[in-house]
Amino acid sequence: MSQRRMSSVLAALLIASAAPVLLPATDASAASCASYPDWVAGRSYATGNVVRYTDGKTYIAEHDNPGYDPTISTWYWDPYSCDSGPVNPPGGSCPTYPDWVAGRSYVTGNVVRYTDGKTYIAEHDNPGYDPTISTWFWDPYTCDGGGSTNPSDGFVVSEAQFNQMFPNRNSFYTYNGLKAALSSFPGFANTGSDTVKKQEAAAFLANVNHETGGLVYVVEQNTANYSHYCDWSQPYGCPAGQSAYYGRGPIQLSWNFNYKAAGDALGIDLLGNPNLVQTDAAVAWKTGLWYWNTQSGPGTMTPHNAMVNSAGFGQTIRSINGSLECDGRNPAQVQSRVDAYQRFTSILGVTPGANLSC
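Residues numbered from 1 in each chain as written. Predicted model: local features only at pLDDT ≥ 70, side-chain atom pairs only at ≥ 80, totals over all residues. Heavy atoms only, no water.

**Regarding the overall build of the protein chain**
Secondary structure assignment for the protein chain yields 10 helices and seven strands. Among the 358 residues that make up the protein chain, the fraction classed as buried is 53%. Sequence-distant contacts, at least 24 apart, represent 52% of the contacts inside the protein chain between residues at least 6 apart. Total accessible area on the protein chain stands at roughly 15000 Å², and carbon and sulfur atoms take up 52% of it. (Helix = DSSP H or I, 4+ residues; strand = E, 2+ residues; numbered from the N terminus. Buried < 20%, exposed > 50% of the residue type's maximum accessible area, 1.4 Å probe, protein only. Contact = heavy atoms within 4.5 Å. Areas by Shrake-Rupley, 256 points an atom, 1.4 Å probe, with all protein chains shown as cover.)

**Some points on helix H4 (residues 194–212)**
Helix length check: H4 (19 residues) gives 27 Å between terminal C-alpha atoms against 27 Å at 1.5 Å per residue, within 8%. Burial within H4 is extensive, with 16 of its 19 residues counted as buried. Gly-213 lies just past H4 and shows a positive phi near 65°. (Expected span 1.5 Å × (residues − 1).)

**A few points about the pairing of strand S2 (residues 58–61)**
Look at any regular strand and the pattern is simple: side chains alternate between the two faces of the sheet. Residues of S2 alternate between two faces, with Thr-58 and Ile-60 on one and Tyr-59 and Ala-61 on the opposite face, all of them buried. Strand direction decides the pairing type here: strand S1 (residues 50–52) and S2, joined by three bridges, are antiparallel. By the bridge assignment, Val-50 is partnered in S2 with Ile-60. What sits between S1 and S2 in their antiparallel hairpin is a turn of five residues, with Gly-56 showing a positive phi close to 90°. (Pairing = 2+ DSSP bridges.)

**Quick notes on the nonpolar core**
Residues Phe-155, Val-157, Phe-188, Phe-204, Leu-205 and Trp-285 are the most contacted members of the largest nonpolar core, which totals 76 residues. Those elements giving two or more residues to this core turn out to be strand S6 (119–122), helix H2 (159–165), helix H3 (175–181), H4, helix H5 (256–266), helix H7 (281–294), helix H9 (313–325) and helix H10 (331–348). The element contributing the most residues to this core is H7, with eight residues. With residues up to four places along the chain from it excluded, the contact list for Leu-205 reads Val-157, Met-165, Phe-166, Leu-178, Trp-285 and Phe-344. (Core = buried A, V, L, I, M, F, W, Y, C linked by side-chain atoms within 4.5 Å.)

**Observations concerning the pattern of salt bridges**
All chains considered together, the criterion is met by eight salt bridges. Of the charged contacts, one joins Glu-325 and Arg-337 as a salt bridge, the two residues approaching to 2.9 Å between their closest N and O atoms. With Glu-325 in helix H9 and Arg-337 in helix H10, this residue pair connects regions lying 12 residues apart in the sequence. Note on accessibility: Glu-325 and Arg-337 belong to one class, buried. In this structure, a network of salt bridges that share partners links the residues Glu-211, Glu-325 and Arg-337. (Salt bridge = Lys/Arg side-chain N within 4 Å of Asp/Glu carboxyl O.)

**Quick word on the state of the cysteines**
Here the structure, examined in full by the defined rule, presents two disulfides. Through a disulfide, Cys-230 is tied to Cys-238; the S-S separation comes to 1.9 Å. In this structure the cystine formed by Cys-230 and Cys-238 twists about its S-S bond by roughly 110°; its chirality is therefore right-handed. Judged by its relative accessible area of 10%, Cys-230 falls in the buried class. (Disulfide = S-S within 2.5 Å.)

Everything listed here is a matter of coordinates, which is why it stays silent on function.
Structural data, given as C-alpha cells:
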C-alpha cells in the first residue's frame with residue numbers, strides 16, 4: 001500500500017468525524033418510489049431519510065451518517081419497501097431466540113435476536129460484539145432455522161473458476177475464505193447487472209493477482225520496509241510494535257492507521273493483532289474488500305464505485321496504486337493488471353468494458 005494512501009485515509013477519517021449538516025427526515029409513508037431523492041455520496045443523512053440508490057432500490061437511514069454507501073455501510077442503512085416500509089421490520093417472527101446483550105459472551109452457533117428484531121448467528125466465539133458491526137463474528141440468520149442469509153451463496157465466481165484464475169496460489173488464500181468475507185460487503189459483485197457483477201469480481205481479483213503475484217505472497221517480501229509502516233503521530237501509536245504493520249493479505253494492507261481503520265470497520269482488533277491478516281483467510285480477504293469498497297486511495301472514487309458506475313477498470317488501478325503507476329509512471333505494471341483483468345473476464349464469460357488503463 002503506497003504512502004499516498006496514508007493521506008487519503010486520514011482525510012477520509014477527518015471528513016467522517018466532522019459534524020454533519022443533516023437533512024430533514026423523509027416522510028416515507030407519503031411517497032412513492034419515484035419521489036424519493038437519489039442517494040448522493042458524501043451528503044449527510046439523518047435517521048429516517050429514505051433514498052433511491054443507483055440501481056433504483058430504496059434504503060432508509062437507520063443512523064445519522066455523512067453519506068455512506070447503502071450497499072456497503074449496512075449498519076447505517078436498511079433496504080426499504082416503497083409501499084410498506086422497512087423490508088425487515090422490527091419484531092419479526094422469531095420470538096424463541098434470546099435477545100442479544102452487549103458484553104455477554106457468546107459461542108459459535110448461538111442465535112440471538114437483535115434490537116431491531118432481526119436474528120443473527122455467531123460464526124465465532126465473541127464477548128458480546130454487536131452483530132450489525134462485528135460482521136466477522138456474526139451472520140444474519142433466517143428465523144425458521146434455514147441458516148445464514150449470507151449473500152455469498154450466489155457469488156458470481158465459482159470455485160472452479162477461482163482455481164482456474166489462480167492455479168499456483170498459496171493454500172492460505174482459500175475460496176471459502178473469500179466467500180466468508182463477502183457478507184461484510186454485500187454490495188460487492190452483487191450490484192447492477194450480471195455483467196457488471198462479474199466485471200467487478202474480475203477487477204478485484206485482477207488487482208489482487210498483481211498485488212500478490214498470483215495469490216502466492218501473503219506478506220510483503222521486502223522485510224527492510226517493515227519498520228517504516230508505523231506512524232507514531234497517531235494517538236493510538238503502534239501497540240503491536242514498530243515493525244508490525246507491514247503489507248499483508250490480498251491488497252497488502254499496511255500502515256498502523258490502515259490496520260486501525262480496517263479493524264474498526266470490521267469489528268476486529270487489527271491494530272492490536274495485525275497478524276490475523278496473515279493467519280485467518282477470511283480476515284485477510286475482508287481487509288482487501290474493505291479497501292476495495294470504502295477507500296479511494298490516490299484516486300477519486302472507490303474501486304467498487306468505479307466498476308458499478310462504469311468508470312472502468314483503469315480507475316480501480318488509480319485508486320489502488322495510481323500515484324506510482326498511472327499517467328505514464330509505470331505502464332508495464334498497469335498492463336500487468338489489465339492483462340489479468342481481461343483474462344479473468346474471459347473466464348467469467350463477460351466483456352471487459354471500456355477505459356481499461358489509467
